[in-house]
Amino acid sequence: MGRTEVESGVTLGQLLNSYRTLTYSWRHALGELVDNSVDSYLEYQKQLPDGIDIEISYDGPGRKLTVKDNAFGMDEDKFHQALRPRRQGEGFTGGMGRYGGGLKKSATCLGDNWRIISTGLGDMKKFKAVVDVVEMHEKDLDKITVTD
């Protein structure tokens, strides 16, 4: 019996664009982002003895939603992992990032343009990714640029 491998042929731009068509309410999307903050706190609560604060603000005229927390944050490796599509269980034992789609799916359901900024607790570097889902789809892009 022969064996062959088939590549998915789907780029990150195509995947993100498909999220735009989901019937995923803003409540669920926002809940996913808050859940990520809580998961981060629960995973690192010994290093966060003062608990967690999550701030949600919305600038109506500017159409800008911000979710900000003081949880553990992400180092460079975790930041990169958060931007990749991934199969269940790949590098995770549970909690935040378990399936690898929540952050990207939620952000895309909330808007075509989004950015993530994070600094790991005690880290001197701040990581930032800016995503334009429509541009990524139209140009069939498979990479997101991360700056520090």
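The text that follows walks through the structure, step by step, so that each part is easy to find.

Quick notes on the rules
Residues numbered from 1 in each chain as written. Predicted model: local features only at pLDDT ≥ 70, side-chain atom pairs only at ≥ 80, totals over all residues. Heavy atoms only, no water. Helix = DSSP H or I, 4+ residues; strand = E, 2+ residues; numbered from the N terminus. Buried < 20%, exposed > 50% of the residue type's maximum accessible area, 1.4 Å probe, protein only. Contact = heavy atoms within 4.5 Å. Areas by Shrake-Rupley, 256 points an atom, 1.4 Å probe, with all protein chains shown as cover. Polar contact = N/O pair within 3.5 Å; in protein donor to acceptor, adjacent residues only side chain to side chain. Patch = residues over 30% accessible without salt bridge, like charges linked within 9 Å, V, L, I, M, F, W, Y side chains within 5 Å. Salt bridge = Lys/Arg side-chain N within 4 Å of Asp/Glu carboxyl O. Lys, Arg positive; Asp, Glu negative; His and termini not counted. Charge placed at Lys NZ, Arg CZ, Asp CG, Glu CD. Axes fitted to C-alpha atoms, helices over the stretch in contact; angles between N-to-C directions. Parallel < 35°, antiparallel > 145°, perpendicular 65-115°, else oblique. Left-handed = near helix turned anticlockwise from the far one by under 90°. Nonpolar A, V, L, I, M, F, W, Y, C, P; charged D, E, K, R; others polar. Core = buried A, V, L, I, M, F, W, Y, C linked by side-chain atoms within 4.5 Å. Pairing = 2+ DSSP bridges.

1. Focus: the overall build of the protein
Reasoning step 1: Helix and strand content of the protein: five helices and five strands.
Reasoning step 2: Listing every helix and strand of the protein by position from the N terminus yields α-α-β-β-α-α-β-β-α-β.
Reasoning step 3: With 148 residues in all, the protein has 31% of them scored as buried.
Reasoning step 4: The contacts of the protein with a sequence gap of at least 6 include a subset with a gap of at least 24, amounting to 51%.
Reasoning step 5: Counting only carbon and sulfur atoms, one obtains 49% of the accessible surface of the protein, whose full area is about 10,200 Å².

2. Notes on helix H3 (residues 76–83)
Because an α-helix completes one turn every 3.6 residues, residues spaced three or four positions apart along the sequence face the same direction.
Reasoning step 1: When we look at burial in H3, the residues that qualify are Phe79, Gln81, Ala82 and Leu83.
Reasoning step 2: Against helix H1 (12–19), helix H4 (102–110), strand E3 (113–118), strand E4 (127–132) and strand E5 (146–147) lie the buried residues of H3.
Reasoning step 3: Where H3 begins, one side-chain oxygen reaches toward the backbone nitrogen of Asp77, 3.2 Å away; that side chain belongs to Asp75.

3. So, a positive patch on the surface
Reasoning step 1: There is a patch of like positive charges on the surface, built from Lys64, Lys68, Arg115, Lys126 and Lys128.
Reasoning step 2: Residue position: Arg115 is located in strand E3.

4. Concerning the pattern of salt bridges
Reasoning step 1: Taken as a whole and assessed by the stated rule, the structure comprises four salt bridges.
Reasoning step 2: Glu43 is the partner of Lys78 in a salt bridge, and the nearest nitrogen-oxygen pair spans 3.4 Å. Of this pair, Lys78 sits in helix H3 while Glu43 sits in helix H2 (residues 26–43), placing them 35 residues apart in sequence.
Reasoning step 3: For Lys78, a relative accessible area of 24% gives the class partly exposed.
Reasoning step 4: With relative accessibility at 43%, the residue Glu43 sits in the partly exposed group.
Reasoning step 5: Glu135 is the salt-bridge partner of Lys139, the closest N and O atoms lying 3.0 Å from each other.
Reasoning step 6: The class of Lys139 is exposed, set by a relative accessible area of 55%.
Reasoning step 7: Owing to a relative accessible area of 33%, Glu135 belongs among the partly exposed residues under this scheme.

5. Some thoughts on the packing of H2 against H4
Reasoning step 1: At their nearest, the axes of H2 and H4 sit 9 Å apart, and the two run at 140 degrees to each other. The pairing of H2 with H4 is recorded here as oblique in orientation. Handedness of the H2/H4 crossing: left-handed. Across from Trp26, Ala29, Leu30, Glu32, Leu33 and Asn36 in H2, the residues of H4 making contact are Gly102, Leu103, Ser106, Cys109 and Leu110.
Reasoning step 2: Its residues placed into classes, the contact of H2 with H4 shows seven nonpolar, three polar and one charged.

6. Some details on the nonpolar core
Reasoning step 1: Counting residues in each nonpolar core, the largest one holds 18 residues, and the members touching the most others are Leu16, Phe79, Leu83, Trp114, Ile116, Val131 and Ile144.
Reasoning step 2: Put simply, the parts of the chain that give this core at least two residues each are H1, H3, H4, E3, E4 and helix H5 (133–138).
Reasoning step 3: Excluding its chain neighbours within four sequence positions, the residues that come into contact with Leu83 are Leu12, Lys104, Trp114, Ile116, Ala129, Ile144 and Val146.

7. Digging into the sheet that holds E5
Reasoning step 1: Taking strand neighbours across the sheet as the criterion, the three strands line up as E3-E4-E5 in an open arrangement whose pairing is antiparallel. Pairing within the sheet leaves two strands with one partner each, and these edge strands are E3 and E5.
Reasoning step 2: Pairing of E3 with E4, which is carried by six bridges, proceeds in the antiparallel orientation. Bridged to Ile117 within E4 is Lys128.

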